[in-house]
Amino acid sequence: MTKPSQPAVFAPWDDPKETPLISFENVSKRFGALTVIDKINLNIYSREFFALLGPSGCGKTTLMRMLAGFEDASDGTIRIDGQDMAGIPANKRAVNMMFQSYALFPHLSVANNLAFGLKRSDMPKSEIQGRVDEMLRLVQLGKYADRKPHQLSGGQRQRVALARALAKAPKLLLLDEPLGALDKKLRQETQFELMDIQEKTGTTFVIVTHDQEEAMTVASRIAVMDEGRLVQVDTADRIYETPNSVYVADFIGDVNIIEGAVDSTEGEHATLRWSEGAAPIRAMASDGISNGSKAAFVIRPEKVAISVEEPKDRHNRVQGSVEDIAYLGNRSTYFVRLPDGSLIKSQVANNRRIKQRLITWEDSVWLSWSDTAGAILPN
Amino acid sequence: MRKFTWFNAVSLTFGFVFLYIPMVILIFYSFNASKLVTVWAGFSTRWYGELINNQAFLDAAWVTLKVGFISSTIATILGTMAAFVLVRSGRFFGRTLFSGMIYAPLVMPEVITGLSLLLLFIAIGLDRGVTTIVLAHATFSMCYVSVVVSSRMATFDESLEDAAYDLGCTGWDAFRSVTLPIIMPAVIAGWLLAFTLSLDDLVIASFTAGPSSTTLPIKIYSSVRLGVSPEINALSTIMIAIVTFGVLSVSIYSKRVIERQKREEQLANS
């Protein structure tokens, strides 16, 4: 896919000669009878911005705490830079963490918060002040060095927490929901700031988040987790475009899911029987489906076209009636009820003013999509 | 707005009269020139002067301060450690029993605490004196400290300690440089409480005191049994003054600190 004229693409995970910075080998974690992490294998490479994404309770925070050294693996090996981390406590690891609550020391000034880790490292005393100033410049908080954390705004505290975690120049920085406490506008600005700082310092970042937009914006790769397992580890575009399971498709972004059984497979394509009397859906086949097996067709709402006329040139077309329209300003989502009772979403850009809209409630419309727009996944 | 009614005014007056009339009378008669406690014979500070020359009272006051200082310090250290175990260790075998046993002395009759300590000291052959009062006071005031400190610990954000470890602290270093400074106000409050309890205590001290170690409450009690002298009134007035001053300054200080922090936070968030 990538053109040879673009050698600068950062994709160490595709290079078999690269050695990973972090590797999980068959790592499990159990609390009593409860398995929180279930035999995970994962490689994370140097300079990556890696996101662990999943709903609460999926094990992403435990995975992060195992990297930080707050939890030990019950089974398996975790290596950082080739070294087995078993039995190495948090204060002996070249790993630092930015906490969800920021965990700034309330009794220390901003400068002393930043110096806290440096004073406990082998850095000579004379160099500490210089490093603190450097970090203050990095997060643009030079004026606030003498303030206490409670005298800062939420965004400023977030930057102090980031600077403190970066001060010791760790090999690996862990970020636990770093932007969770910020409001939406500030969060978007800060996402780009984070990426900028990550690039400037060349540190490997591992971020834990439940916000898929955040993960897709900042991360080089995303691991989608569910119940202690990794469901899919891939770049944002591949997770969105070619999810490997209904779970991933449903978790990331908005999606239409039509359940049925595989009718036939031929090369890249497969067809799905989904409703009595309706023509089977033709779409991209994914691994793990076979003739007659239960499967689901998934397609993003923006890839479903809506029209009044029947699009005869398309194989995949169904008729239904508009049940609801969600107007979102720049785009609208049409909720179309099919004869078999299922509801399909179609999202279109609002190129025209709303008064000139061709389709309205109760209209009979055609929905259509190309053979490559959606995928048939095992269900 | 709520109205100020006659009913409110009357109940307020009665309440305060009930609480403070005895003390006001005591203070009033401490300035009595007469040797007879209940006969007013004009204003005088004579009994305060005599108090300064009463070596027995001064000795007792010194013993009381010494006992209060040492016992409240021991109680603060032990009580803080107990609070830590209670709040931090999560669930362990016997946790409920342990916490119950820490708080039990709060409701234990003092006579029983005093008696049992007396029996213990006799059994191990420890001569009664300042040491035994210190041990006894540390024992009963420790649970008050642990109540105060554990209520602060319950709201302590544990990720602060995680952050300290993450930045290279050992366990002791994290406690010394992060946890302790943050919970310090509660520890100081616990110390003050233990100190006040030790100053006040009569029952346990009278069980555990020896002949050479009379505390002020014991001294006052034994002299009152021989008849109330105006000197006792003067001494009590001084104690009331000290306690009032202490309580007022602590509450004004803590109120100011909290108000200032609130203001600063509001400024930072606007």
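Preceding block: the structure.
Residues numbered from 1 in each chain as written. Chains lettered and ligands numbered in written order. Predicted model: local features only at pLDDT ≥ 70, side-chain atom pairs only at ≥ 80, totals over all residues. Heavy atoms only, no water.

Digging into the environment of Thr170(B)
Filter applied, for reference: By definition, any uninterrupted DSSP run of H or I lasting at least four residues is a helix, any uninterrupted run of E lasting at least two residues is a strand, and each is numbered from the N terminus. Note on classification: 1.4 Å probe, protein chains only; a residue is buried when its accessible area is under 20% of the maximum for its type, exposed when over 50%, partly exposed between these limits. Any two residues having at least one pair of non-hydrogen atoms within 4.5 Å are treated as being in contact.
When you line up the elements, Thr170(B) lands in the loop between helix 7 (159-166) and helix 8 (171-200). On the basis of relative accessibility, which here comes to 42%, the residue Thr170(B) falls in the partly exposed class. Residue contacts for Thr170(B): discarding those within four places in its chain leaves Asn91(A) and Tyr165(B).

Comments concerning the sheet that holds strand 9 (residues 221-226) of chain A
In any sheet, the strands associate via hydrogen bonds between backbone groups, in a parallel or an antiparallel arrangement. Residue and element names in this part refer to chain A. In plain terms, the rule: Pairing between strands is defined by DSSP: at least two bridges between them are needed. Working convention: axes come from line fits to C-alpha atoms, limited for helices to the stretch in contact. Angles between N-to-C directions cover 0 to 180 degrees.
Pairing is mixed across the open sheet formed by 6 strands, whose spatial order is 6-7-8-3-9-10. For this open sheet the edge positions go to strand 6 (95-98) and strand 10 (229-234), each flanked by a neighbour on one side alone. When the angles between neighbouring strand axes are averaged without regard to direction, this sheet yields 20°. Summarising the sheet, strand 6 and strand 7 (residues 172-176) pair through 4 bridges and their orientation is parallel. Across the sheet, the residue bridging to methionine 98 is leucine 175, located in strand 7. Helix 1 (residues 60-68) contacts strand 3 (49-53), strand 6, strand 7, strand 8 (204-209) and strand 9 of the sheet and is inclined by roughly 150° relative to strand 7. Contacts between helix 4 (residues 154-166) and the sheet are confined to strand 6, strand 7 and strand 8, with strand 6 contributing the most and set at about 175° to the helix.

A look at helix 1 (residues 6-30) of chain B
Residues and elements named next belong to chain B. Using the following cut-off: Under the convention used throughout, the expected extent of a helix is 1.5 Å for every residue step, that is, one less than its residue count. We define the bend at each residue as the angle formed by axes fitted to the 7 residues ending at it and the 7 residues starting at it.
Over its 25 residues, helix 1 runs 34 Å from end to end, which matches the ideal 36 Å to within 8%, given 1.5 Å per residue. The axis of helix 1 is deflected most strongly, by about 50°, at tyrosine 20, and proline proline 22 appears within four residues downstream. Considered for burial, the residues of helix 1 that qualify are Ala9, Tyr29 and Ser30.

Notes on the packing of helix 5 (residues 110-123) of chain B against helix 6 (residues 130-153) of chain B
Residue and element names in this part refer to chain B. Short version of the rule: Under this scheme an angle from 65 to 115 degrees is roughly perpendicular, one under 35 degrees roughly parallel, and one over 145 degrees roughly antiparallel; angles in between are oblique. Handedness of a helix crossing follows the sense of rotation of the near helix relative to the far helix, less than a right angle counterclockwise being left-handed and clockwise being right-handed. Nonpolar residues are Ala, Val, Leu, Ile, Met, Phe, Trp, Tyr, Cys and Pro. Charged residues are Asp, Glu, Lys and Arg, and all others, Gly as well, are polar.
Relative to each other, helix 5 and helix 6 sit at 135°, their axes nearing to 11 Å. Considered as vectors, helix 5 and helix 6 are oriented oblique to each other. Here helix 5 and helix 6 pass one another in a crossing that is right-handed. On helix 6, the residues touching Thr113, Leu117 and Phe121 of helix 5 are Thr132, Leu135, Ala136, Thr139 and Phe140. Of the residues in the contact of helix 5 with helix 6, the class split is 5 nonpolar, 3 polar and no charged.

Some remarks on the side chain of Thr333(A)
Residue and element names in this part refer to chain A. What counts is decided by this rule: In protein, a polar contact means a hydrogen-donor-capable atom and an acceptor-capable atom, both N or O and within 3.5 Å, with residues adjacent in sequence counting only if both atoms are side-chain atoms; elsewhere, any N or O pair within 3.5 Å suffices.
One can find threonine 333 in strand 17 (residues 331-337). At 3.2 Å, the side chain of threonine 333 forms a polar contact with the side chain of glutamine 347. Look past the residues within four positions of threonine 333 in its chain and what remains in contact with it is Asp324, Ile325, Ala326, Leu328, Lys345, Ser346 and Gln347.

Topic: the pairing of strand 17 of chain A
Residue and element names in this part refer to chain A. Where strand 16 (residues 316-327) meets strand 17, 6 bridges bridge the pair, whose relative direction is antiparallel. Of the residues in strand 17, the one forming a bridge with valine 322 is valine 336. Bridge analysis of strand 17 against strand 18 (residues 343-349) gives 7 bridges, and the strand direction is antiparallel. Opposite phenylalanine 335, over in strand 18, you have lysine 345 as the bridge partner. If you look at the hairpin formed by strand 17 and strand 18, you'll find 5 residues sitting between the two strands, and glycine 341 has a positive phi there, around 100°.

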